[in-house]
Amino acid sequence: MGAVVALDRLLDGRQVWRGPARQGQASDHLASGHPALDARLPGGGWPASGLCEVLQAAPGVGELALIWPALAKLSQHPRPIVLVAPPYRPHAPAWAAAGLDLAQLQIIHAAPKQALWAAEQCLRSAACAAVLCWPQQADDRALRRLQVAADSGQCLGFVFREARAARNPSPASLRLQLDHGQVRVLKCRGGLPPAQPLPLAIAH
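Residues numbered from 1 in each chain as written. Predicted model: local features only at pLDDT ≥ 70, side-chain atom pairs only at ≥ 80, totals over all residues. Heavy atoms only, no water.

- By the naming in an unreviewed UniProt entry, the protein goes by Translesion DNA synthesis-associated protein ImuA and is assigned to Stenotrophomonas indicatrix.

Here's what the structure looks like:
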């Protein structure tokens, strides 16, 4: 067990490289809706389950437009998409214009100390299509719990954090950083991240 944990820490810390995974079925990944990004991600999109960490200098730099196409597809299924303690009230017309079925959206209002717990329970429940959260503070242990919960619940999780968190390693399956209309892949399990940032035409 100790060797497995040690190897996992090496992979998360990018001290060793995990070789390309064998091509799985299409259900293993979900197209992001951004062809340039899909072309650089192992499997061609977001992981079907697991934690995706999006780092940003400030809210409103295009992070929602980045994930809306995938969420629109997920909202066509009966499982809900849950927003845990969003920093601002979601603007329903914008979400609807992006193609999401608003009937599938659920919002959980929680204090900062309870938000991570609520997100973990939703991810682990196997009842949600996707879970979005904006933790004010999340250490490696908390993120690892979210990653494990997303895997066990077969759920896609998105965590939005400040750009300065890039200085620390992350257990997330996928880690992106948004800045000035570009997205940089910092970590992607199953392959090496692209060396250069990718331009994305996304509305803020």
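Section: helix H5 (residues 112-124)
At step 1: The terminal C-alpha atoms of H5 lie 19 Å apart, and with 13 residues this matches the ideal 18 Å at 1.5 Å per residue to within 8%.
At step 2: For H5, every residue scored as buried is listed here: Ala 115, Leu 116, Ala 118, Ala 119, Glu 120, Cys 122 and Leu 123.
At step 3: At its buried positions, H5 is contacted by strand E4 (81-84), strand E5 (105-108), strand E6 (130-133), helix H6 (140-152) and strand E7 (156-162).
At step 4: Just past H5, the residue Ala 126 takes up positive phi, approximately 65°. (Helix = DSSP H or I, 4+ residues; strand = E, 2+ residues; numbered from the N terminus. Expected span 1.5 Å × (residues − 1). Buried < 20%, exposed > 50% of the residue type's maximum accessible area, 1.4 Å probe, protein only. Contact = heavy atoms within 4.5 Å.)

What to know about the side chain of Glu 120
At step 1: Structurally, Glu 120 is set in helix H5.
At step 2: Overall, Glu 120 belongs to the buried group, its relative accessible area being 7%.
At step 3: Side-chain polar atoms of Glu 120 contact the side chain of Arg 124, separated by 2.8 Å.
At step 4: Dropping the residues within four chain positions of it, Glu 120 is found in contact with Arg 145, Leu 146 and Ala 149. (Polar contact = N/O pair within 3.5 Å; in protein donor to acceptor, adjacent residues only side chain to side chain.)

Things to note about the sheet that holds strand E8 (residues 174-179)
One key point about sheets: their strands pair by backbone hydrogen bonds, in either a parallel or an antiparallel sense.
At step 1: Judged by pairing direction, the sheet is mixed, and its eight strands sit side by side in the order E5-E4-E6-E7-E3-E8-E9-E10 without closing on themselves. At either margin of the open sheet sits one strand with a lone partner, and together these are E5 and strand E10 (198-199).
At step 2: Where strand E9 (residues 182-188) and E10 come together, two bridges link them in antiparallel fashion. Looking at the pairing, Gln 182 lines up with Pro 199 of E10.
At step 3: Seen against the sheet, H6 touches strand E3 (50-56), E6 and E7 and runs at an angle of roughly 135° to E3. (Pairing = 2+ DSSP bridges. Axes fitted to C-alpha atoms, helices over the stretch in contact; angles between N-to-C directions.)

Focus: the packing of aromatic side chains
At step 1: Scanning the model with the defined rule gives four aromatic pairs in all.
At step 2: Centroid distance Trp 46 to Phe 158: 5.2 Å. Interplanar angle 90°. Geometry classified as edge-to-face. Taken together, the positions of Trp 46 in strand E2 (residues 46-47) and Phe 158 in strand E7 put the pair 112 residues apart, joining distant regions of the chain.
At step 3: Between Trp 134 and Phe 160, the aromatic rings sit 5.1 Å apart at their centres with planes inclined by 20°, giving stacked as the arrangement. Pair noted here: Trp 134 is in the loop between E6 and H6 and Phe 160 is in strand E7, with a separation of 26 residues, a long-range link.
At step 4: In this structure Trp 134 comes out as buried when scored by relative accessible area, which is 14%. (Phe/Tyr/Trp six-rings, centres within 6.5 Å; stacked < 30°, edge-to-face > 60°.)

Regarding the pattern of salt bridges
At step 1: Throughout the structure, instances matching the rule amount to six salt bridges.
At step 2: Between Arg 145 and Glu 120 there is a salt bridge, and its shortest N-O distance comes to 2.8 Å. One end of the pair, Arg 145, is in helix H6; the other, Glu 120, is in helix H5, with 25 residues separating them in the sequence.
At step 3: The partly exposed category is assigned to Arg 145, whose relative accessible area is 43%.
At step 4: Between Glu 162 and Arg 164 there is a salt bridge, and its shortest N-O distance comes to 2.7 Å.
At step 5: Note on Glu 162: relative accessible area 44%, which makes it partly exposed.
At step 6: Judged by relative accessible area, which is 55%, Arg 164 ranks as exposed.
At step 7: A single salt-bridge network, built from bridges that share partners, covers Glu 53, Arg 161 and Arg 175. (Salt bridge = Lys/Arg side-chain N within 4 Å of Asp/Glu carboxyl O.)

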